[in-house]
Amino acid sequence: MNNSTRDQQPAEPLRDKNGLTEEEFLRSYTPKKYPQPSVTADICVFRRVDGQLQLLLVQRGGHPFLGHWATPGGFTNPNETVDHCAQRELEEETGVTGLALEPLHLYSTPDRDPRGWTMSYAFVALDQKGVTVHAGDDAAKAVWFDLRATQEANRTHLELAHDGTLLTSDFATQPQAITGIPRAVDVHGTGLAFDHANIVADAWLLLNFAKA
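Residues numbered from 1 in each chain as written. Predicted model: local features only at pLDDT ≥ 70, side-chain atom pairs only at ≥ 80, totals over all residues. Heavy atoms only, no water.

Asks: I would appreciate a short explanation of the environment of Ala125 in the present structure.
Replies: Counting through the fold element by element, Ala125 comes out in strand E6 (residues 118-126). Through-space distance from the C-alpha of Ala125 to that of Leu207 is 9.1 Å; in sequence the pair is 82 residues apart. When sequence neighbours within four positions are dropped, the list of residues in contact with Ala125 reads Cys44, Val45, Phe46, Leu99, Ala100 and Leu101. (Helix = DSSP H or I, 4+ residues; strand = E, 2+ residues; numbered from the N terminus. Contact = heavy atoms within 4.5 Å.)

Right, dumping it as structure tokens:
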């Protein structure tokens, strides 16, 4: 080792405009200074039975939107990723495990959840194994809805039907700037909780884009 290397002193830590090192800054940092949203995961699981496309939905067993239909999902815990949350919530609410989940989009409209500031990271899955479904956790029911799509005047109309219940999502589409993947815009829906008419529309569009 030469003298120049031996005589080098540790570099002075960087300081911000207030004269604080990163260690000093973190000791004085208060997370509650900035409002923090809750983060949830929502999962759209599709399957085909005799050529008929179906979507797995749960009936909510608690407020808000008690009795409404929704995609499976729930709140992310502090010690898990949103990807792990999606797998966990899907299993807890429907009993479904082992499906590959593909990220769809982050939904962050400020008033999307009446409980407060809540963002949802949505996922899409395609059941090609014939999974067994049963309701659990805070889901009152977990069932497959037949999904049919019609198009008219540059808008798409989705109908989700099961045992006399009819849910809808009506929307226009707009391609993403880089990938060209279509996204739903100007969405109007009936019977689905939160903004799940939008999530279902985007999931259906992605599924059809992947087939093209």
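Picking up after the structure, the text goes on.
Asks: Before we go on, may I ask you to explain helix H3 (residues 82-94) in this structure?
Replies: Side chains of residues three or four places apart in an α-helix project in the same direction, reflecting 3.6 residues per turn. Helix length check: H3, at 13 residues, gives a terminal C-alpha distance of 18 Å against a target of 18 Å (1.5 Å per residue), a fit within 8%. Among the residues of H3, those classed as buried are Val82, Cys85, Ala86, Arg88, Glu89, Leu90, Glu93 and Thr94. Among the structural elements, strand E1 (38-49), strand E2 (52-60), strand E4 (73-75), E6 and strand E7 (139-152) are those in contact with the buried residues of H3. Phi turns positive one or two residues past the end of H3, at Gly95, with a value near 80 degrees. (Expected span 1.5 Å × (residues − 1). Buried < 20%, exposed > 50% of the residue type's maximum accessible area, 1.4 Å probe, protein only.)

Asks: Would you mind going over the layout of surface pockets with me for this structure?
Replies: Empty space among the atoms can be located by rolling a probe the size of a water molecule over them. In this structure, the largest pocket occupies an estimated 300 Å³ of space. Every element with two or more residues in the lining of the largest pocket is listed here: E1, E2, E4, H3 and E6. (1 Å grid on protein atoms, 1.4 Å probe; cavity = no way out; pocket = protein on both sides within 12 Å on 5 of 7 lines; lining within 4 Å. Points joined across faces, edges and corners; volume = space filled by probe spheres on them.)

Asks: Looking at this model, I keep getting lost on the pattern of salt bridges. Mind explaining?
Replies: Two side chains that carry opposite charge are able to pair once their charged atoms sit near each other. Under the definition given, this model contains eleven salt bridges. For Arg112, the salt bridge is made with Asp195, and the minimal N-O distance between the two is 2.7 Å. On the criterion of sequence distance, the pair formed by Arg112 in the loop between strand E5 (102-107) and E6 and Asp195 in the loop between strand E10 (182-190) and helix H4 (196-211) is long-range, its members being 83 residues apart. Each of the two residues, Arg112 as well as Asp195, counts as buried. Ionic pairing is found between Asp186 and Arg155, a salt bridge with its closest N-O pair at 3.0 Å. Placement of the pair is Asp186 in strand E10 and Arg155 in strand E8 (residues 155-162), with a sequence separation of 31 residues. (Salt bridge = Lys/Arg side-chain N within 4 Å of Asp/Glu carboxyl O.)

Asks: Is there a simple way to think about H4 in this case?
Replies: The first and last C-alpha atoms of H4 sit 23 Å apart over 16 residues, in line with the 22 Å expected at 1.5 Å per residue. Buried within H4 we find His196, Ala197, Ile199, Val200, Ala201, Asp202, Ala203, Trp204, Leu205, Leu206 and Leu207.

Asks: I tried to follow the nonpolar core on my own but got confused; where do I start?
Replies: Soluble globular proteins tend to pack their nonpolar side chains together in the buried interior. Core analysis: the biggest nonpolar cluster contains 28 residues, and Phe46 and Leu160 have the highest contact counts within it. Elements with a minimum of two residues in this core: E1, E2, E5, E6, E7, E8, strand E9 (165-175) and H4. The dominant element in this core, judged by the number of residues it contributes, is H4, at nine residues. Sequence-distant contacts of Leu160, that is, excluding residues within four places in its chain, are made with Leu55, Leu57, Phe145, Asp146, Leu147, Thr165, Leu166, Leu167, Leu192 and Val200. Ala41, Val82, Leu101 and Phe123 belong to the second-largest nonpolar core, a separate cluster that totals 15 residues. (Core = buried A, V, L, I, M, F, W, Y, C linked by side-chain atoms within 4.5 Å.)

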